[in-house]
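Architecture and fold: a report
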Amino acid sequence: GIQSLRRKGYDSAISAFQKAAATDSDWAEPQAQLGHAYYYRAFSQGLPDRKGLENAGQAIEAYETAIAMDPRLSTVKDPYLVRHGLAMCYEALGRRSQALSELKKAAAASPGNPMPGLYAARLRYWMGDLPRSAENLHLSIRRARKARAYPALARLVRNGSEFTPILDSPTNRVLLET
C-alpha cells in the first residue's frame, strides 16, 4: 500500500490498506494510511471537486476510525499527518471549527512545525477573524525562525496562491515583513 501511495496509485493503495485494516482490526496504522490514501486522492488535483469531496469524506472516516482505535495515535507512524489530513478534509467540507481543532492537535503533535499555524492563519483569515489570523501567523513565524526555516516560510506565503491572500491583512503583512 505504501509503495502504491508513493507511486500515486491511490486505488491500489486504498485496496491494500483496506485489506490490512481488515486483517488487523486492533492496529490504527492501516486506518491512518487508508486516510492518507483517500486524502491524497481527494487533493491530487488541488482543491477537491465533487468526487474529491467524496474522497475527503472517506479520508475523514478512516482518520476518525484510527483515532477511535488509538486516541493518542501512539501506534501511528506520524500523528501529525493524521491531524493535518483530517484538518484539510474538514476544511474542504466546510467544517471550519473542526478543522481549526485538528490544526491545534497537529501543532501539538509536531511542536516545532510552523505549518499548522500557517494553515490556521489562512483559515481564520477566510473566516474573517483577522486578530486570530495574525496570532496564528505570528506563532508560525516564531516556529519557522526557531527551525531556521523562516525564508522558506516567507517565500511560501508571498508566492503560494494558497497563502498569499492573508497578506491583504495589514497586520499579517507587517508580521511577515518584520
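What counts and what doesn't
- Residues numbered from 1 in each chain as written.
- Predicted model: local features only at pLDDT ≥ 70, side-chain atom pairs only at ≥ 80, totals over all residues.
- Heavy atoms only, no water.
- Helix = DSSP H or I, 4+ residues; strand = E, 2+ residues; numbered from the N terminus.
- Rg over C-alpha atoms; globule rule 2.2 N^0.38 Å.
- Buried < 20%, exposed > 50% of the residue type's maximum accessible area, 1.4 Å probe, protein only.
- Areas by Shrake-Rupley, 256 points an atom, 1.4 Å probe, with all protein chains shown as cover.
- Lys, Arg positive; Asp, Glu negative; His and termini not counted.
- Charge placed at Lys NZ, Arg CZ, Asp CG, Glu CD.
- Axes fitted to C-alpha atoms, helices over the stretch in contact; angles between N-to-C directions.
- Parallel < 35°, antiparallel > 145°, perpendicular 65-115°, else oblique.
- Left-handed = near helix turned anticlockwise from the far one by under 90°.
- Contact = heavy atoms within 4.5 Å.
- Nonpolar A, V, L, I, M, F, W, Y, C, P; charged D, E, K, R; others polar.
- 1 Å grid on protein atoms, 1.4 Å probe; cavity = no way out; pocket = protein on both sides within 12 Å on 5 of 7 lines; lining within 4 Å.
- Points joined across faces, edges and corners; volume = space filled by probe spheres on them.
- Expected span 1.5 Å × (residues − 1).

A separate point is the overall build of the chain. Assigned secondary structure in the chain consists of ten helices and zero strands. Beginning at the N terminus, the succession of helices and strands in the chain can be written as α-α-α-α-α-α-α-α-α-α. Computed over its C-alpha atoms, the radius of gyration of the chain comes to 17 Å, within 12% of the 16 Å expected for a compact globule of 178 residues. Each of the three principal axes of the chain carries a C-alpha extent, and together these read 55 × 35 × 30 Å. In the chain, buried positions account for 48% of the 178 residues. A total accessible area of about 9400 Å² is found for the chain, and carbon and sulfur atoms account for 52% of it. Charged side chains in the chain number 25 positive and 17 negative. The centres of these two groups are separated by 6 Å.

Another point: the packing of helix H3 (residues 29–43) against helix H5 (residues 79–92). Angle between the axes and distance between the axes are the two parameters that describe a pair of packed helices. Put simply, H3 and H5 touch, their axes get as near as 10 Å, and they point 40 degrees apart. Comparing the axis directions of H3 and H5 gives the class oblique. The two elements H3 and H5 meet at a crossing, and its hand is left-handed. Residue-level inspection shows Ala32, His36, Tyr39 and Phe43 of H3 in contact with H5, the latter providing Leu81, Val82, His84, Gly85, Met88, Cys89 and Ala92. Split into classes, the residues belonging to the contact of H3 with H5 amount to eight nonpolar, three polar and no charged.

One way to see where empty space is left: roll a probe the size of a water molecule over the atoms. Taken as a whole, the largest pocket holds about 460 Å³ of empty space. What lines the largest pocket is a set of 17 residues, among which Phe43, Leu47, Pro48, Arg122 and Glu162 lie closest to the centre. Those elements that provide at least two residues to the lining of the largest pocket are H3, H5 and helix H7 (115–126). In terms of residues, the lining of the largest pocket owes the most to one element, H7, which gives four residues. Grouping the constituent residues of the lining of the largest pocket by class yields eleven nonpolar, two polar and four charged. Taken as a whole, the second largest pocket encloses approximately 230 Å³ of empty space. In this structure, the second largest pocket is lined by Ile2, Leu5, Arg6, Glu29, Gln33, His36, Tyr40, Val76, Lys77, Asp78 and Leu81.

Here H3 contains 15 residues, and its C-alpha end-to-end distance of 21 Å stays within 8% of the 21 Å for a straight helix at 1.5 Å per residue. Counting buried positions over the 15 residues of H3 gives 13, a clear majority of the element.

Keep in mind these numbers describe shape, not what the thing actually does.
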